[in-house]
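In case you want the letters, here they are:
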Amino acid sequence: MTTDLAPHRIPVRTVPPGLSVEAAADWLSDHLDELHATRTERGSVMLRGLPFTTADEFAVLRDRVIGRPADYVEKATPRSAYGRGVFTATDVPARRRIRLHNENSYALSYPGLLVFACLKAPSAGGETFLGDMRAVLELLPEDMVARFREQGWKLVRNYWGHFGLTWQEAFGTEDRAEVERYAAEQRLTTQWHGDRLTTTQYRSALIRHPQTQDVSWFNHVAFWSEWSLEEQVREFLTGECGEDLPFRTFYGDGEPVGRREIEELNSAYERVRMAERWQTGDLMLVDNIRLAHGREPFAGEREVLVAMGDPVARQDCEL
């Protein structure tokens with residue numbers, strides 16, 4: 001196995017050539033401690049040259065690196081399901097860039113480990129880029145960090161359907177009573193407007209990694225702010241939805257997070273960004289608490305899958 005462990009880059013390890021899927025699965029099991037040690041030290045590791053060609057073959061390899069599957073809850077973007085807990089990484093159109101975010105940072109339980117797999121690499125772009133959220137925390141103004149540490153953040157979602165997902169798609173049910181049951185368990189408040197649903201939740205904005213004890217910035221404050229939208233998109237949605245945008249983010253005291261703060265956040269995200277071009281047969285392990293992930297626009301066909309595992313309870317990460 002050859003290794004590229006250059007600092008400030010995603011570690012890349014090349015697996016032995018000529019393996020079958022079954023032999024590759026055994027190779028992963030034999031090297032699992034070493035791979036997880038690299039993930040703990042660096043936050044991620046990319047494995048290059050694996051022989052999978054289908055979602056089912058990826059699932060065989062996934063089962064060797066994920067101890068326990070994690071549910072994909074409160075869905076936020078379109079994804080296609082392949083079964084066995086395997087999804088497309090995203091079905092957002094190729095022209096759009098997806099900003100850095102930690103998966104399910106708005107939930108009471110979130111995956112500790114993300115496993116991405118490249119079935120087909122695009123002809124240009126399409127990198128799944130990563131960013132260290134410990135470093136973001138160091139780059140932000142102290143007064144902003146102090147306020148979020150003390151207050152947390154508030155998320156309001158409006159499930160319009162024609163702007164983003166319907167509540168049925170997001171919660172995976174047609175039953176309003178099931179949504180209310182889930183909301184009560186997850187400390188969401190709900191408000192129905194005919195068939196449109198509004199949910200509100202308060203969450204901590206900083207968390208402590210349950211293994212390393214490092215403190216990270218961990219939220220969707222910038223990702224779901226209207227100030228992260230392109231100006232034309234923001235003006236269109238505001239004209240159609242008024243203040244009831246599909247997503248809005250606030251400080252924990254209810255004050256909207258302003259444009260200046262969102263620009264500072266997005267600037268910090270750009271400063272910590274790192275990426276490696278996908279090659280067909282790549283598999284990447286990502287610590288979802290330490291690292292956020294995003295996606296570059298791309299040209300050509302791109303088939304990148306994801307599986308989520310090793311769920312972590314928010315209560316185990318509180319400061």
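Given the structure is predicted, the values throughout are model-derived calculations rather than measurements. (Residues numbered from 1 in each chain as written. Predicted model: local features only at pLDDT ≥ 70, side-chain atom pairs only at ≥ 80, totals over all residues. Heavy atoms only, no water.)

Topic: helix H9 (residues 259-272)
- With 14 residues, H9 should reach 20 Å at 1.5 Å per residue; the first-to-last C-alpha distance of 20 Å fits that figure.
- Taken residue by residue, H9 has Glu-261, Ile-262, Leu-265, Asn-266, Ala-268, Tyr-269 and Val-272 as its buried positions. Buried residues of H9, viewed axially, fall in a sector of 155 degrees; they line one side. Along H9, exposed side chains directed more than 90 degrees from the buried face belong to Arg-260 and Arg-271. (Helix = DSSP H or I, 4+ residues; strand = E, 2+ residues; numbered from the N terminus. Expected span 1.5 Å × (residues − 1). Buried < 20%, exposed > 50% of the residue type's maximum accessible area, 1.4 Å probe, protein only. Arc of directions from axis to C-beta.)

Let's talk about empty space enclosed by the protein
- Enumeration over the complete set of coordinates arrives at three cavities of 30 Å³ or more.
- For the largest cavity, the calculated volume is near 210 Å³.
- Lining the largest cavity are 22 residues, with Arg-79, Ala-89, His-101, Glu-103 and His-293 sitting closest to its centre.
- Where the lining of the largest cavity is concerned, the elements lending two or more residues are strand S6 (98-101) and strand S18 (291-295).
- For the lining of the largest cavity, the element with the most residues is S18, which contributes three residues.
- Among the residues forming the lining of the largest cavity, the class breakdown is nine nonpolar, nine polar and four charged. (1 Å grid on protein atoms, 1.4 Å probe; cavity = no way out; pocket = protein on both sides within 12 Å on 5 of 7 lines; lining within 4 Å. Points joined across faces, edges and corners; volume = space filled by probe spheres on them. Nonpolar A, V, L, I, M, F, W, Y, C, P; charged D, E, K, R; others polar.)

As for the sheet that holds strand S12 (residues 196-203)
- Strands sit in the order S11-S12-S10-S15 across an open sheet of four strands; the sheet is antiparallel. Both outer strands of the open sheet, strand S11 (189-193) and strand S15 (247-251), are each paired with one neighbouring strand and no more. Between one strand axis and the next, the sheet turns through 15 degrees on average, direction left out of account.
- When S11 meets S12, the two strands line up antiparallel, connected through five bridges. (Pairing = 2+ DSSP bridges. Axes fitted to C-alpha atoms, helices over the stretch in contact; angles between N-to-C directions.)

A short note on the confidence of the model for the protein chain
- Across the protein chain, pLDDT averages 94, with 97% of residues at or above 70.
- Per-element confidence in the protein chain is highest for strand S17 (residues 283-287), whose mean pLDDT is 98, and lowest for strand S1 (residues 2-4), whose mean pLDDT is 44.
- Across residues 1-6, confidence stays below pLDDT 50; counting only partners more than four residues off in sequence or on other chains, it has 19 contacts. (pLDDT = per-residue confidence, 0-100. Contact = heavy atoms within 4.5 Å.)

Focus: the sheet that holds strand S16 (residues 273-274)
- Read across the sheet, four strands follow the order S6-S18-S9-S16 without closing on themselves; strand pairing throughout is antiparallel. Each end of this open sheet is capped by a strand with a single partner; those strands are S6 and S16.
- Pairing of strand S9 (residues 128-132) with S16 involves two bridges; the strand directions are antiparallel. If you follow Leu-130 over to S16, its bridge partner there is Met-274.

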